[in-house]
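One letter stands for each residue in the lines below.
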Amino acid sequence: MASKTASRDIITLRGSAAIVSEFFGYAANSILYNRGVYPEESFVKVKKYGLPMLLTQDEGVKSFIANLTAQLSEWLESGKLQRIVLVIMSKSTNEVLERWNFSIETNSEVVETGVSKEKSDKEIMREIQAIMRQIASSITYLPCLDETCKNKNHFTHQWYYLFTNFSFFFLNYSDFFCFVLGVFDVLAYTDKDVAVPFTWIESDPKLIANPQMVKLHSFDTKIHKVNTLVSYKNDEWDEQ
């Protein structure tokens, strides 16, 4: 009787970078939706990773995420990206409420030699599915974000830099308001020798003092491994 083995797919450095950067785009959309940063009606449902996913239809946010993922893909391919953090803050106080941390381990051999790796696309998808399900269920383990604020968001990079195109969009639409629950930043941690795009400026790391933490699932392309952790502000009522 012939034996059966799981099929393996060839993963290149560029292909792995595309998988991880695309994952972050969908993860960011899911976080913004499930944490109520943008109104529910501004999202549409699509199918991705074998799951129903929500994508923003706000043209400014779509452009922002597209530019973000393109830059992340470049850094991932060069092996220079260490971590991405999506930060949700209070609009009224600018206090950091949540930090969605995606740390990245890169196979240095692949970056140096260009060798390919093998892993089933279906296996990678199952690992990503587990993370997306945890993000979608975040309302069950994270405190409610219960303030309303003006829709004015921006994006930052390590040593924490601000992506001015996204800020510029909201300056153009300074009279646009909607009910959202927080503002958000995206922080990118890179190697010190990385070339910093001129559109980025310095920002602080936006840390949370004495945070609660929830470790989520990870996924691995055999070239990039993404570990996920969400930290959030302690609820004072819980501490009493």
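Throughout this description, residue numbers start from 1 for each chain and increase along the sequence as written. Where local features are concerned, this predicted model is filtered to residues with pLDDT of at least 70; where side-chain atom pairs are given and counted, the filter is 80 or more; whole-chain, interface and lining totals use all residues. No hydrogens and no water enter the side-chain calculation; it runs on all heavy atoms of the structure.

Undergrad: Summarise the side chain of Gln 134; cite the residues concerned and give the values.
TA: A run of H or I in DSSP becomes a helix once it reaches four residues, and a run of E becomes a strand once it reaches two; helices and strands are each numbered from the N terminus. Within the secondary structure layout, Gln 134 lies in helix H4 (residues 121-136). Here Gln 134 falls in the buried class, since its relative accessible area comes to 18%. In contact with Gln 134, other than residues within four places in its own chain, are Tyr 141, Leu 216 and His 217. Categorising residues by exposure relies on relative accessible area from a 1.4 Å probe, with only protein chains included: less than 20% of the type maximum marks a residue as buried, more than 50% marks it as exposed, and the intermediate range marks it as partly exposed. The contact definition used throughout considers only heavy atoms, calling two residues in contact when any of these lie within 4.5 Å.

Undergrad: Describe the sheet that holds strand S4 (residues 81-89), listing the residues and the values that go with them.
TA: Two strands are counted as paired when DSSP detects at least two bridges linking them. Spatially, S7-S4-S5-S9-S8 is the arrangement adopted by the five strands of the open sheet, whose pairing is antiparallel. Where the open sheet ends on each side, the last strands, each with one partner, are strand S7 (183-190) and strand S8 (212-220). Between one strand and the next, the sheet's axes are offset by a mean angle of 15°, whatever the strand orientation. Relative to S7, S4 is paired through eight bridges, and the arrangement is antiparallel. Throughout, an axis means a line fitted to C-alpha atoms (over the contacting stretch in the case of helices), and angles, computed between N-to-C directions, take values from 0 to 180 degrees.

Undergrad: Account for unusual backbone geometry, with residues named and values stated.
TA: In this model, Asn 94 sits at a positive phi of 65°, which is unusual for a non-glycine residue. Note that Asn 94 resides in the loop between S4 and strand S5 (96-106). Within the chain, Asn 210 stands out as a residue other than glycine whose phi angle is a positive 50°. Within the secondary structure, Asn 210 is located in the loop between S7 and S8. Looking at Asn 210, the relative accessible area reads 63%, which means it is exposed.

Undergrad: Can you explain the confidence of the model for the chain? Please cite residues and give values.
TA: Confidence scores per residue from the predictor, reported as pLDDT, run from 0 to 100. Confidence along the chain averages 81 in pLDDT terms, with 78% of residues attaining 70 or more. Low pLDDT, under 50, characterises residues 148-181; the predicted model gives this stretch 112 contacts beyond four residues in sequence or across chains.

Undergrad: Describe the packing of helix H1 (residues 13-34) against helix H2 (residues 59-78), and please don't skip the residues or the numbers.
TA: At their nearest, the axes of H1 and H2 sit 8 Å apart, and the two run at 145° to each other. Judged by the sense of rotation from one axis to the other, the crossing of H1 with H2 is right-handed. On H2, the residues that touch Leu 13, Arg 14, Ala 17, Ala 18, Val 20, Ser 21, Phe 24, Gly 25, Ala 28, Asn 29 and Leu 32 of H1 are Val 61, Ile 65, Leu 68, Thr 69, Leu 72, Ser 73, Leu 76 and Glu 77. Under the convention adopted here, Pro, Cys and the residues Ala, Val, Leu, Ile, Met, Phe, Trp and Tyr are nonpolar, Asp, Glu, Lys and Arg are charged, and Gly plus all remaining residues are polar. Tallied by class, residues from the contact of H1 with H2 come to twelve nonpolar, five polar and two charged. Note: crossing handedness is left-handed where the near helix turns anticlockwise from the far helix by less than a right angle, and right-handed where it turns clockwise.

Undergrad: Describe in detail the pairing of S8, supporting the description with residues and values.
TA: Relative to strand S9 (residues 224-232), S8 runs antiparallel, the two being bridged by seven bridges. Bridging from a neighbouring strand, Asp 220 pairs with Lys 225 of S9. Connecting S8 to the next strand, S9, in antiparallel fashion are three residues, including Lys 222 with a positive phi near 80°.

Undergrad: Just give me the short version of the pairing of S9, but keep the residues and values in it.
TA: Here S9 lies mainly inside the structure; seven of its nine residues are buried. In terms of strand pairing, S5 meets S9 through nine bridges, oriented antiparallel. For Glu 105, the partnering residue across the bridge sits in S9 and is Lys 225.

Undergrad: Please give an account of the nonpolar core that cites residues and values.
TA: Counting 51 residues, the largest nonpolar core has Phe 23, Trp 100, Phe 102 and Met 132 as its most contacted members. When residues of this core are assigned to their parent elements, the largest contribution, ten residues, is made by H1. Non-local contacts of Phe 23, meaning those with residues more than four positions away in its chain, are made with Tyr 49, Phe 102, Ile 128, Ile 131, Met 132, Phe 219 and Val 226. By nonpolar core we mean a set of buried residues, namely Ala, Val, Leu, Ile, Met, Phe, Trp, Tyr and Cys, connected to one another through side-chain atoms within 4.5 Å. If you look at the next biggest cluster of nonpolar residues, it comprises eight residues, including Val 85, Met 89, Val 96 and Ile 208.

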